[in-house]
Amino acid sequence: MSLRFSVLASGSSGNAFYIESDRERLLVDAGLSGKQLESLFAQVQANPASLGGILVTHEHSDHIKGLGVLARKYKLPIYANEKTWQAMDGMIGKIPVDQKFVFPMESVQTFGDIDVESFGVSHDAAEPMFYTFHHDNQKVALVTDLGYVSERIKKTIEGADAYIFEANHDVEMLRMSRYPWNVKRRILGDSGHVSNEDCGLALSDIISNRTKRIYLAHLSKENNMKDLARMSVDQVLKERGIDIALHDTDPNQATPMFEVG
């Protein structure tokens, strides 16, 4: 009786996270086209028609691009907080009323045998929130799209068996990039994205002896590289006496299904 999951896609071009138990199957975000999402599901031998619902983190297009298409095709319920629903209006097409559900921030909802806890993050969206998943004393934390990791968030996500955690950019690569200054300032700010170094610092505060797997997520295509992210985060962790393998995610390739138990 274990949680199993795959990071179907992660990056600035699109995000989707699939998690299942013996009784339930859930998707978090649908930030790619319907065709791309179906291809990613096929990579991990999962069927989108069997989903119990789609949970939304926030309204940015790299998280909701295929949301309406997927929900309408398979008649899937969508869960988001009220401000995110308002912000998505006009972005995902018409969703039947019986497929629209409110999942308030800082609350817990039960889907089959999975308890899902929502928590707010600092990001430039209407009311962005992410999730931890609890099942049979197992805990998986999904944490991307935040400018900084607050003590409140650390308390919520500490001691998880697995983390999908943002390592968006290398600060020097970003500063030297051709991005306009206002974009750089947004990414580096408190409502932007977490850097490689800050990812390592946050992880060093929250991982425990029960932590089995860490995925580095939402890497910038222009301002980061997988090898650099792994090396940078690993260096911070090792400086704090933590030695744990770090795993890649990809915007176009699903990670193999990982069984938590």
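Now for a quick tour of the structure. (Residues numbered from 1 in each chain as written. Predicted model: local features only at pLDDT ≥ 70, side-chain atom pairs only at ≥ 80, totals over all residues. Heavy atoms only, no water.)

Overview of the layout of surface pockets
Volume-wise, the largest pocket comes out at about 230 Å³. Surrounding the largest pocket, 15 residues form its lining, Ser12, Arg186, Ile187, His193 and His218 being those nearest its centre. Every residue lining the second largest pocket is counted, 13 residues in all, and those nearest its centre are Ser10, Leu219, Ser220, Lys221 and Pro251. (1 Å grid on protein atoms, 1.4 Å probe; cavity = no way out; pocket = protein on both sides within 12 Å on 5 of 7 lines; lining within 4 Å. Points joined across faces, edges and corners; volume = space filled by probe spheres on them.)

As for the nonpolar core
In summary, soluble globular proteins display a tendency toward joint burial of nonpolar side chains. Among the nonpolar cores identified, the biggest contains 52 residues, and Phe5, Phe17, Phe133, Val140, Tyr163, Phe165 and Leu203 are the most heavily contacted of them. Not counting residues within four places of it along the chain, the set of residues in contact with Tyr163 comprises Ala141, Ile157, Glu158, Leu203, Ile206, Ile207, Thr211, Arg213, Ile214 and Tyr215. If you look at the next biggest cluster of nonpolar residues, it comprises 27 residues, including Val44, Ala46, Leu67 and Ile92. (Core = buried A, V, L, I, M, F, W, Y, C linked by side-chain atoms within 4.5 Å. Buried < 20%, exposed > 50% of the residue type's maximum accessible area, 1.4 Å probe, protein only. Contact = heavy atoms within 4.5 Å.)

Focus: the side chain of Ser118
Summarising the element assignment, Ser118 is placed in strand β8 (residues 114-120). On the basis of relative accessibility, which here comes to 1%, the residue Ser118 falls in the buried class. Only 2.8 Å separates the side chain of Ser118 from the backbone oxygen of Pro104, close enough to count as a polar contact. Setting aside anything within four residues of it in sequence, one finds Ser118 in contact with Phe103, Pro104, Met105, Glu106, Ser107, Met129, Phe130 and Tyr131. (Helix = DSSP H or I, 4+ residues; strand = E, 2+ residues; numbered from the N terminus. Polar contact = N/O pair within 3.5 Å; in protein donor to acceptor, adjacent residues only side chain to side chain.)

Regarding the sheet that holds strand β4 (residues 53-55)
Read from one edge of the open sheet, seven strands run β6-β5-β4-β3-β2-β1-β14, paired in mixed fashion. Of all strands in the sheet, those bounded by a partner on one side alone are β6 (100-102) and β14 (258-259). Where helix α1 (residues 34-43) meets the sheet, it contacts β1 (4-9), β2 (16-20) and β3 (25-28), and its direction lies at approximately 145 degrees from that of β1. (Pairing = 2+ DSSP bridges. Axes fitted to C-alpha atoms, helices over the stretch in contact; angles between N-to-C directions.)

Describing unusual backbone geometry
Glycine aside, residues mostly have negative phi angles, and peptide bonds mostly take the trans form. Of note, the phi angle at Lys75 is positive, near 55 degrees, even though the residue is not glycine. Since its relative accessible area comes to 63%, Lys75 is described here as exposed. One non-glycine residue, Glu106, lies in the positive phi region at around 60 degrees. Looking at the secondary structure, you find Glu106 in the loop between β6 and β7 (108-111). Take Glu106: its relative accessible area is 45%, and that puts it in the partly exposed class.

Remarks on the packing of aromatic side chains
Inspection of every chain in the model, using the stated rule, returns 10 aromatic pairs. For the pair Phe17 and Phe133, a centre-to-centre distance of 5.8 Å together with 45 degrees between the ring planes defines the contact as tilted. Residue Phe17 is found in strand β2, and its partner Phe133 is found in strand β9 (residues 129-135); the two are separated by 116 residues along the sequence. Per residue, the accessibility class of Phe17 equals that of Phe133, and both read buried. (Phe/Tyr/Trp six-rings, centres within 6.5 Å; stacked < 30°, edge-to-face > 60°.)

Considerations on α1
For α1, the complete set of buried residues consists of Gly34, Leu37, Leu40 and Phe41. The buried residues of α1 occupy one face: seen down the axis, they fall within an arc of 125 degrees. Contacts made by the buried residues of α1 are with β1, β2, β3 and α3 (67-74). After α1 finishes, the residue Gln45 shows a positive phi value of roughly 55 degrees. (Arc of directions from axis to C-beta.)

Brief notes about the environment of Tyr148
Relative to the elements of secondary structure, Tyr148 occurs in the loop between β10 (138-143) and α5 (151-157). A relative accessible area of 41% places Tyr148 in the partly exposed class. When the C-alpha atoms of Tyr148 and His193 are compared, they prove to be 7.2 Å apart, with 45 residues separating the residues in sequence.

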